[in-house]
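Chain and residue survey
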Amino acid sequence: RAAEIQTSEKPKSGLRQKRNQDFGFSECNKIENNKPEINKGIDKTDEIDEIRQAIHAQIEYDILAQEYGESALNEISELMLEVYCTEADTLKIGKRSNPTALAKERLQMLNSAHIEYIFESLRASPANIKNIKAYLLECLFNAPATMKHYYQAKVNYHEKTAPLTCD
């Protein structure tokens, strides 16, 4: 009689099947289309792995890993991955909220030279960085817009401070 009472148009579970009483456990609820949910998770994982591989190729991960180590480079590439995979409309970078589309566009400009620039900047920074993730994100975001000027300023400084020599 309980099977006649229906609380919604689509039943959420099947009726209990008769079975041998030797089994002491009840049957699981039948859930329609359970496999597509699993497949969506697998597809998302595959997509994330593809993006990670693309990032590694973009920044020449294998070459940089020899110089800076995989651990430090993984932190940067995983932060890039996080930005690429976010579905948020805006991201807080530094003290500003920026459109995620702009952040992704900037990160797509990065190459191995930008990553080296970021590592060099980290090494040269005397600041006590309290939130390294936020700092790295800001560095990644700003690198395409600041790297050329940084190196030009360095060249200008060295030209002004270099001793004159008579060769």
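Above: the structure in question.
Calculation criteria
Residues numbered from 1 in each chain as written. Predicted model: local features only at pLDDT ≥ 70, side-chain atom pairs only at ≥ 80, totals over all residues. Heavy atoms only, no water. Pairing = 2+ DSSP bridges. Helix = DSSP H or I, 4+ residues; strand = E, 2+ residues; numbered from the N terminus. Core = buried A, V, L, I, M, F, W, Y, C linked by side-chain atoms within 4.5 Å. Buried < 20%, exposed > 50% of the residue type's maximum accessible area, 1.4 Å probe, protein only. Contact = heavy atoms within 4.5 Å. Polar contact = N/O pair within 3.5 Å; in protein donor to acceptor, adjacent residues only side chain to side chain. Salt bridge = Lys/Arg side-chain N within 4 Å of Asp/Glu carboxyl O.

Regarding the pairing of strand β2 (residues 96-99)
Pairing between strand β1 (residues 90-93) and β2: four bridges, direction antiparallel. Counterpart to threonine 90 in the pairing with β2 is proline 99. Connecting β1 to the antiparallel partner β2 that follows it, the hairpin turn spans two residues, and glycine 94 within it adopts a positive phi of roughly 70°.

A look at the nonpolar core
Formed by 28 residues in total, the largest nonpolar core has its most connected members in Ile59, Leu73, Ile76, Met80, Ile115, Ile118 and Leu140. For this core, the secondary structure elements donating two or more residues are α2 (61-68), α3 (70-85), β1, α4 (100-108), α5 (112-124) and α6 (132-161). Setting aside residues up to four positions removed in sequence, isoleucine 76 forms contacts with Ile115, Ile118, Phe119, Leu136 and Leu140.

Things to note about the side chain of histidine 114
Relative to the elements of secondary structure, histidine 114 occurs in helix α5. Here the side chain of histidine 114 touches asparagine 111 through a polar contact of 3.0 Å, landing on its backbone nitrogen. When residues no more than four places from it in sequence are discounted, the contact partners of histidine 114 are Met109, Ala143, Pro144 and Met147.

So, the pattern of salt bridges
One pass over the full model with this rule turns up three salt bridges. Of the charged contacts, one joins glutamate 82 and lysine 133 as a salt bridge, the two residues approaching to 2.9 Å between their closest N and O atoms. You can see glutamate 82 sitting in helix α3 and its partner lysine 133 sitting in helix α6, a full 51 residues away along the chain. Its relative accessible area of 43% is what places lysine 133 among the partly exposed residues. Through salt bridges that share partners, Asp49, Arg52 and Glu78 make up one connected network.

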